[in-house]
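Architecture at a glance
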Amino acid sequence: MEHGGDWAGFLDEYGEMPLDFSANVSPLSPPAGVREAAEKALAHMERYPDPQCRALRRSLSGKLRVPEEWILCGNGASDLIWRMVEALRPKRALLPAPTFMEYQAALEHWDCLIENYPLSEQDDFRLGAGIISAIMPETDIVILCQPGNPSGNVMDEVVLTEIMKRCRQCDTLLAVDECFLDFLEESEQATLLPHLRDGNVILFRAFTKTYGMAGLRLGYCLSAEAELLDAMTRGTQPWPVSAPAQAAGEAALREDGYIGTLRIMIRAQRPVLAEGLTNAGCRVIPGRANFLLFYHPDTELDRKLREKGILIRACRDYPGLGEGWYRVSVRREEENQKLLQEINEVLHG
């Protein structure tokens, strides 16, 4: 399966590091306190990491105001998504299309029948209330992404609440990937965190993208479904999260000013990047996340930019998209200008 962020493949091919717009990771350097905590943990690398991530879960519990037993940590959100599917072994799943490809990969691995709910390009791939009628009693799980990946759109709070209600009526698990939620200024309104106590909901989050910790791999899920979390715990290796990752996660939770600075930068640079892409002849989906989905009929744009040292995410493998669709992350001003300069040169000479 193709993912963004393949700097190693580029390094092997060209012998240097690329300017990477293909991975939706914070363009800011990880906070100094996070780096220091991870480095300090290395001084005790002879010790096994805590398999239960006790200190990290206590910190998350205090930060999010949820019971510790509702929190399970893992080697990134993808690890936990795969563990959820393995634990649940669903027979029938409902996914919007397009959406993050890892959901489909995990479900197909366990021979789950996947029903794709197509999102309309004319509506900028927004998920609306129409999906509610597609949730049936035989639907074991619905997996959504808030904000959507690759569209960057945010589901309406009322629609999301109605989806949740319908899932409870059908005894269907609602899984919501909130890994990009911290990039949103309206994150508190967009989350289902206050509804966990009502059941039938599991949320996935990650430190990797928000704090620039992709190489450390750290994510967590939140749910009041005790049996599901217990099955996910049993279905994993004994030490799923390294000691440096746990220490870095605890330190990240103390970095109160970092996310605010990150949001200010994304808010300033996203419209600049969107306008530049539009002026270059691209059809840009007006998302609200830290990345932009766009279309251009040049189906080799990703290859041409790669030759210039820039990686973008080609979305041709997403159900509901295809050739000509691309995704780029929002980075620093000088990096965004470099991308726009090279795109204009490639497309217009």
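Above this text sits the structure in question.
Conventions used here
Residues numbered from 1 in each chain as written. Predicted model: local features only at pLDDT ≥ 70, side-chain atom pairs only at ≥ 80, totals over all residues. Heavy atoms only, no water. Patch = residues over 30% accessible without salt bridge, like charges linked within 9 Å, V, L, I, M, F, W, Y side chains within 5 Å. Areas by Shrake-Rupley, 256 points an atom, 1.4 Å probe, with all protein chains shown as cover. Salt bridge = Lys/Arg side-chain N within 4 Å of Asp/Glu carboxyl O. Helix = DSSP H or I, 4+ residues; strand = E, 2+ residues; numbered from the N terminus. Buried < 20%, exposed > 50% of the residue type's maximum accessible area, 1.4 Å probe, protein only. Core = buried A, V, L, I, M, F, W, Y, C linked by side-chain atoms within 4.5 Å. Contact = heavy atoms within 4.5 Å. Polar contact = N/O pair within 3.5 Å; in protein donor to acceptor, adjacent residues only side chain to side chain. Phe/Tyr/Trp six-rings, centres within 6.5 Å; stacked < 30°, edge-to-face > 60°. Pairing = 2+ DSSP bridges. Axes fitted to C-alpha atoms, helices over the stretch in contact; angles between N-to-C directions.

**Details of a nonpolar patch on the surface**
- A cluster of nonpolar residues, W7, L11 and M17, forms a patch on the protein surface that exposes about 300 Å² of accessible area.
- For L11, the location among the structural elements is in helix α1 (residues 7-14).
- Overall, L11 belongs to the partly exposed group, its relative accessible area being 32%.

**Section: the nonpolar core**
- With 89 residues, the main nonpolar core has I163, L174, F207, L277 and I312 as its most contacted residues.
- Leave out the neighbours within four places in its chain, and F207 touches L56, L60, G212, M213, L218, Y220, G249, A252 and L253.
- Counting residues in hydrophobic clusters, the runner-up holds 24 residues, among them L72, M84, I143 and I202.

**Details of the side chain of Q246**
- Among the structural elements, Q246 can be located in helix α10 (residues 243-253).
- A distance of 3.1 Å separates a polar side-chain atom of Q246 from the backbone oxygen of V241.

**Topic: unusual backbone geometry**
- Following A97, the chain continues into P98 via a peptide bond in cis, with omega recorded as 10 degrees.
- By secondary structure assignment, the location of P98 is in the loop between β3 (92-97) and α5 (101-109).
- Put simply, N149 and P150 share a cis peptide bond, and its omega is 25 degrees.
- Along the polypeptide, P150 turns up in the loop between β5 (141-145) and α6 (157-169).

**Concerning the packing of aromatic side chains**
- Inspection of the entire model under this criterion finds 11 aromatic pairs.
- Between F294 and Y326, the ring centres sit 5.6 Å apart and the planes meet at 35 degrees, which makes this aromatic pair tilted. A residue pair is termed long-range when its members are at least 10 positions apart, and F294 in strand β10 (residues 291-295) and Y326 in strand β13 (residues 325-329) qualify at 32 residues. When sorted by exposure, F294 lands in the same class as Y326, which is buried.
- Judged by centre distance (5.3 Å) and plane angle (55 degrees), the ring pair of Y295 and W325 falls under tilted.

**Concerning the sheet that holds β10**
- Across the sheet, 4 strands lie side by side as β9-β10-β13-β12; this open sheet has antiparallel pairing. Whereas interior strands pair on both sides, the edge strands pair on one side only; in this sheet they are β9 (283-285) and β12 (313-314).
- Note: β10 against β13, 5 bridges, orientation antiparallel. The residue of β13 that forms the bridge with F294 is Y326.
- Packed on one face of the sheet, helix α11 (residues 256-279) meets β9, β10 and β13 and runs near 10 degrees to β10.

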